[in-house]
Amino acid sequence: MQTPRPHIAAYPAQSPDVAAHPAQGPDVAEPRLPPRVTSFRIRRSTLSGGQQATWERLWPEMGMHARDADGPAPRLDTECWFGRSAPVVLEIGCGAGTSTLAMAQAEPHLDVVAVEVYRRGLAQLLSAIDRDGLTNIRLVRGDAVDVLEHMFGTDSLTGVRVFFPDPWPKARHHKRRLLQPATVALIADRLRHGGVLHAATDHAGYAEQIAEVGDAEPRLRRVTASDPLPISVQRPVTKYEGKAQHAGSAVAELLWEKRP
């Protein structure tokens with residue numbers, strides 16, 4: 001029996017990199033949304049035949065888009081989408097889903113909504129979900145700020161994970177970094193009391209900025225991995241992180257909980 005779909009409108013595939021509508025194929029570009037400052041880079045990607053087949057079969061049930069040409073998606077009904085009532089964790093920028101998959105497997109009592117703008121990463125994660133038979137992951141394609149602003153309400157999330165966001169290292173690009181004061185304030189609003197913001201980065205300058213912004217948010221207080229927390233903060237080492245460690249880059253783990 002299929003998992004019930006959430007109470008949302010049906011949106012056509014839309015994203016900054018490639019078209020996602022099966023009838024068009026993965027290499028046909030769609031109409032662009034109006035330009036705005038985002039935290040992600042624009043690039044194109046294609047899927048393998050197996051990934052495309054899995055996408056066409058499972059995306060209608062397990063995925064949705066954060067925005068289309070008419071605007072953002074409405075509030076998400078997670079109980080309907082997952083078919084149960086459970087704490088919800090939002091993972092922003094899940095990539096190919098290495099951490100998403102491992103952490104969802106380790107925490108079957110949590111429901112995970114994984115957000116990514118690139119279709120290939122979502123397709124890889126979707127194939128892994130299908131292979132492992134996981135039922136506690138759903139996917140959203142689009143800008144994380146849209147997801148936070150429009151798809152979740154106040155006090156709705158038990159955790160928000162942001163692992164290795166693009167550091168935009170050049171000073172003139174720092175405005176594109178995701179974890180700015182306004183976004184962290186939005187995350188704090190969406191977290192339940194006691195909910196956790198977990199960020200990780202291997203870019204020293206970005207780590208300093210994230211720490212400063214998180215510590216300045218009055219609704220958050222810094223915690224450590226040894227504190228009793230409602231979600232796990234133990235991550236698997238991804239291929240990207242392994243390369244960073246091999247190159248000598250230290251990984252900063254930054255944790256806050258929403259004050260009671």
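Before reading further, recall that the structure is shown in the block above.
Residues numbered from 1 in each chain as written. Predicted model: local features only at pLDDT ≥ 70, side-chain atom pairs only at ≥ 80, totals over all residues. Heavy atoms only, no water.

1. Looking at the overall build of the protein chain
Then, number 1: Within the protein chain one finds eight helices and ten strands.
Then, number 2: Residues counted as buried form 53% of the 260 residues belonging to the protein chain.
Then, number 3: In the protein chain, the share of contacts with a sequence separation of at least 24, taken over all contacts with a separation of at least 6, comes to 79%.
Then, number 4: Surface summary for the protein chain: the accessible area is close to 11,900 Å², and the carbon and sulfur share equals 54%. (Helix = DSSP H or I, 4+ residues; strand = E, 2+ residues; numbered from the N terminus. Buried < 20%, exposed > 50% of the residue type's maximum accessible area, 1.4 Å probe, protein only. Contact = heavy atoms within 4.5 Å. Areas by Shrake-Rupley, 256 points an atom, 1.4 Å probe, with all protein chains shown as cover.)

2. Looking at the pattern of salt bridges
Then, number 1: If you walk through the whole model with that rule in mind, you get twelve salt bridges.
Then, number 2: Between Glu 107 and Arg 161 there is a salt bridge, with its nearest N and O atoms 3.0 Å apart. Taken together, the residues Glu 107 in the loop between α3 (98–106) and β5 (111–116) and Arg 161 in strand β7 (residues 157–163) connect sequence positions 54 residues apart.
Then, number 3: In this structure Arg 161 comes out as buried when scored by relative accessible area, which is 1%. (Salt bridge = Lys/Arg side-chain N within 4 Å of Asp/Glu carboxyl O.)

3. A word on the environment of Val 223
Then, number 1: Its place among the elements puts Val 223 in the loop between β9 (220–222) and α8 (239–246).
Then, number 2: Assessed through its relative accessible area of 5%, Val 223 is described here as buried.
Then, number 3: Each C-alpha atom of the pair Val 223 and Glu 257 lies 6.6 Å from the other, and the pair is 34 residues apart in sequence.

4. Observations concerning the environment of Ala 66
Then, number 1: For Ala 66, the location among the structural elements is in the loop between β1 (63–65) and β2 (67–68).
Then, number 2: For Ala 66, a relative accessible area of 1% gives the class buried.
Then, number 3: Considering only alpha carbons, one finds Ala 66 and Asp 143, 77 residues apart in sequence, at a separation of 6.8 Å.
Then, number 4: With near-sequence residues (within four places) excluded, Ala 66 lies in contact with Pro 72, Ala 73, Val 140, Arg 141, Gly 142, Asp 143, Asp 146, Val 147 and Met 151.

5. Examining helix α6 (residues 181–190)
Then, number 1: Within α6, seven of the ten residues are buried, leaving the element largely enclosed by the surrounding structure.
Then, number 2: For α6, every residue scored as buried is listed here: Thr 183, Val 184, Leu 186, Ile 187, Ala 188, Asp 189 and Arg 190.
Then, number 3: Against α5 (144–151), β7, β8 (191–201), α7 (204–216), β9 and β10 (252–258) lie the buried residues of α6.

6. A short note on the nonpolar core
Then, number 1: Membership of the largest hydrophobic core comes to 36 residues, with the highest contact counts inside it found for Leu 90, Val 140, Met 151, Phe 152, Val 160, Leu 179 and Leu 197.
Then, number 2: If sequence neighbours within four positions are ignored, Leu 197 has contacts with Val 160, Val 162, Val 184, Ile 187, Leu 191, Leu 220, Leu 254, Leu 255 and Trp 256.
Then, number 3: Listed in part, the 19 residues of the second largest apolar core include Leu 125, Leu 126, Ile 129 and Leu 139. (Core = buried A, V, L, I, M, F, W, Y, C linked by side-chain atoms within 4.5 Å.)

7. Observations regarding the packing of aromatic side chains
Then, number 1: Inspection of the entire model under this criterion finds two aromatic pairs.
Then, number 2: When the centroid spacing of 4.3 Å and the interplanar angle of 5° are considered together, the rings of Trp 55 and Trp 59 count as stacked. Of this pair, Trp 55 and Trp 59 are both found in helix α1 (residues 49–62), four residues apart, which corresponds to roughly one turn of the helix.
Then, number 3: Overall, the relative accessible area of 8% leaves Trp 59 in the buried class.
Then, number 4: Seen from the ring of Trp 168, Arg 176 lies directly overhead, with NZ or CZ sitting 5.3 Å from the centre. (Phe/Tyr/Trp six-rings, centres within 6.5 Å; stacked < 30°, edge-to-face > 60°. Lys NZ or Arg CZ within 6 Å of the ring centre and 35° of its normal.)

Keep in mind these values describe shape, not function.
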